[in-house]
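Observations on the model geometry
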Amino acid sequence: MITKELAKQLIEQAEYNCSGEKVEYNIDDIQALSKDGAYLVFASSESCKTSFVCYEEDGTAYFLDDWQGSYPTNEEEIADYNNWVTIDWKESPVIFNGLPRDLYVL
């Protein structure tokens, strides 16, 4: 299972990559998803509340590009959002089996 410490590091790094600011986040909950090793993480700061998808196997995380709006609250809602980005703020081009993923050319 992904730890709260890792989840906190991921969201704080994503925030820094987006805004250039160091913002303290709390990890409110981590829900295991139906794909082994995938989790929906709920996080909050003084100014926002959001969720993101994280994969235990490689620590890859996908975030919504707008943390001020709505966010998925369960696995079924993840595919309803098409504005997923990586920790480096690059767009995630696909939803595969209901979860955000990157495509790699081999």
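Residues numbered from 1 in each chain as written. Predicted model: local features only at pLDDT ≥ 70, side-chain atom pairs only at ≥ 80, totals over all residues. Heavy atoms only, no water.

Moving on, we come to the overall build of the chain. On a plain count of helices and strands, the chain comes out with 2 helices and 7 strands. Of the regular secondary structure in the chain, the N- to C-terminal order runs α-β-β-β-β-α-β-β-β. Across the 106 residues in the chain, those meeting the buried criterion constitute 42%. Within the chain, counting contacts between residues at least 6 apart in sequence, those at least 24 apart form 33% of the total. (Helix = DSSP H or I, 4+ residues; strand = E, 2+ residues; numbered from the N terminus. Buried < 20%, exposed > 50% of the residue type's maximum accessible area, 1.4 Å probe, protein only. Contact = heavy atoms within 4.5 Å.)

This part takes up the pairing of strand β3 (residues 49-55). For β3, the buried fraction is high: 6 of the 7 residues fall into the buried class. In the sheet, strand β2 (residues 38-44) pairs with β3 via 7 bridges, with the strands oriented antiparallel. Residue pairing for β3: Tyr-39 is matched across the bridge by Cys-54. Between the end of β2 and the start of β3, which pair antiparallel, lie 4 residues. Pairing of β3 with strand β4 (residues 61-64) involves 3 bridges; the strand directions are antiparallel. Looking across to β4, one finds that Val-53 is bridged to Tyr-62. (Pairing = 2+ DSSP bridges.)

A few words on helix α1 (residues 4-19). Taking 1.5 Å of rise per residue, the 16 residues of α1 would be expected to cover 22 Å, and the 22 Å separating its terminal C-alpha atoms lies within 8% of that figure. Inspection of α1 places Ala-7, Leu-10, Ile-11, Glu-12, Ala-14 and Glu-15 among the buried residues, and these make up the whole buried set. Summarising the contacts, the buried residues of α1 are in contact with β1 (26-32), β2, β3 and β4. (Expected span 1.5 Å × (residues − 1).)

A few words now on the environment of Ala-14. Tracing the backbone shows Ala-14 in helix α1. If sequence neighbours within four positions are ignored, Ala-14 has contacts with Phe-63, Trp-67, Ile-87 and Trp-89.

This part covers the pairing of β2. A large share of β2 lies buried, amounting to 7 of its 7 residues. The two faces of β2 match: Ala-38, Leu-40, Phe-42 and Ser-44 on one face and Tyr-39, Val-41 and Ala-43 on the other face are all buried. As judged from the 6 bridges shared by β1 and β2, these two strands associate in the antiparallel manner. Pairing of Ile-27 across the sheet is with Ala-43, part of β2. Where β1 folds back onto β2 in an antiparallel hairpin, the turn is made up of 5 residues, including Gly-37, whose phi is positive at roughly 85°.

Glancing now at unusual backbone geometry. Of note, the phi angle at Trp-89 is positive, near 70°, even though the residue is not glycine. With phi around 50°, Asn-97 is a residue other than glycine that occupies positive phi space. Among the secondary structure elements, Asn-97 is positioned in the loop between β6 (94-96) and β7 (99-101). Overall, the relative accessible area of 66% leaves Asn-97 in the exposed class.

All quantities given are derived from atomic positions and should not be read as evidence of function.
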